[in-house]
Amino acid sequence: MCDYSLHGIPNRLAEQDEVLVVHRLYTGSKGLTSPEYLKPAEPPKKGLLSMLAQFWRFPAQPKVCAVCIPDGARLMLQEIAPSLRRAHGLSATESVTFRQLSAEAHTYRDAVEFKNGLKLRLQDLEEGQSVEVLALSSEKTDVQEGFIPDGHLPSPSPER
């Protein structure tokens, strides 16, 4: 859902149709976040005193919120890095399934699984990689007409 390394960072659950980006957080780990969280908080003030104050102060860091994805969610990776495409035979855009590789503590466990079976940890994706959330689960939402959840089709009605 969210790598162990992101637990000290504010986080929230992803929303369907949301576009996220891979971002290196202040912990050094990569995670998913909304591009909205990466926008600067306020433009720098002008004037000699403001410039001097900004010079002596640490640069303001944006308030980044990690966006968590549930295991089995369907994602679309866009503009995949050429080095990853060459190394793994991928296209520039790929539909993937989000996977949690293990429940082991202190390991990077968030990954994406490609149709060819390749699993890449989020840590191996390039910063700035665009990720669209297609669905938060892998279950199909289409309901077949006449389908009953126990797996049986209704018996035909007798003709009169």
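Just so it is clear, the structure is predicted and the values come from calculations on it, not from any experiment.

**Things to note about the pattern of salt bridges**
- Overall, the coordinates contain 6 salt bridges when judged by the stated rule.
- Across the salt bridge formed by Glu18 and Arg12, the nearest N and O atoms sit 2.3 Å from each other.
- For Glu18, a relative accessible area of 13% translates into the label buried.
- What makes Arg12 partly exposed here is its relative accessible area of 22%.
- The closest approach of N and O atoms between Arg99 and Asp71, which form a salt bridge, is 3.9 Å. With a gap of 28 residues between them, Arg99 in strand β6 (residues 94-100) and Asp71 in the loop between β4 (66-68) and β5 (74-78) connect regions that are remote in the sequence.
- Assessed through its relative accessible area of 42%, Asp71 is described here as partly exposed.
- Counted as one network, the salt bridges with shared partners bring together Asp71, Arg99 and Glu113.

**Description of the pairing of strand β9 (residues 130-135)**
- Two elements, strand β2 (residues 19-24) and β9, share 3 bridges in a ladder whose sense is antiparallel. Opposite Leu20, over in β9, you have Val131 as the bridge partner.
- Of the strand pairs in this sheet, β5 and β9 are connected by 5 bridges, and their pairing is antiparallel. Residue Leu77 lies in a different strand from β9, and its bridge partner there is Val131.

**Overview of the side chain of Ser34**
- Position of Ser34 among the secondary structure elements: in the loop between β3 (30-33) and α1 (48-56).
- Under the relative-accessibility criterion, Ser34 is labelled buried at 9%.

**Let's talk about the environment of Val67**
- For Val67, the position within the fold is in strand β4.
- Taking the C-alpha atoms as reference points, Val67 and Leu13, separated by 54 residues in sequence, lie 5.6 Å from one another.
- In contact with Val67, not counting residues within four places along its chain, are Cys2, Arg12, Leu13, Ala14, Glu18, Leu20, Leu32, Thr33, Ser34 and Tyr37.

Reading the values: rules and limits
Residues numbered from 1 in each chain as written. Predicted model: local features only at pLDDT ≥ 70, side-chain atom pairs only at ≥ 80, totals over all residues. Heavy atoms only, no water. Salt bridge = Lys/Arg side-chain N within 4 Å of Asp/Glu carboxyl O. Buried < 20%, exposed > 50% of the residue type's maximum accessible area, 1.4 Å probe, protein only. Helix = DSSP H or I, 4+ residues; strand = E, 2+ residues; numbered from the N terminus. Pairing = 2+ DSSP bridges. Contact = heavy atoms within 4.5 Å.

All quantities given are derived from atomic positions and should not be read as evidence of function.
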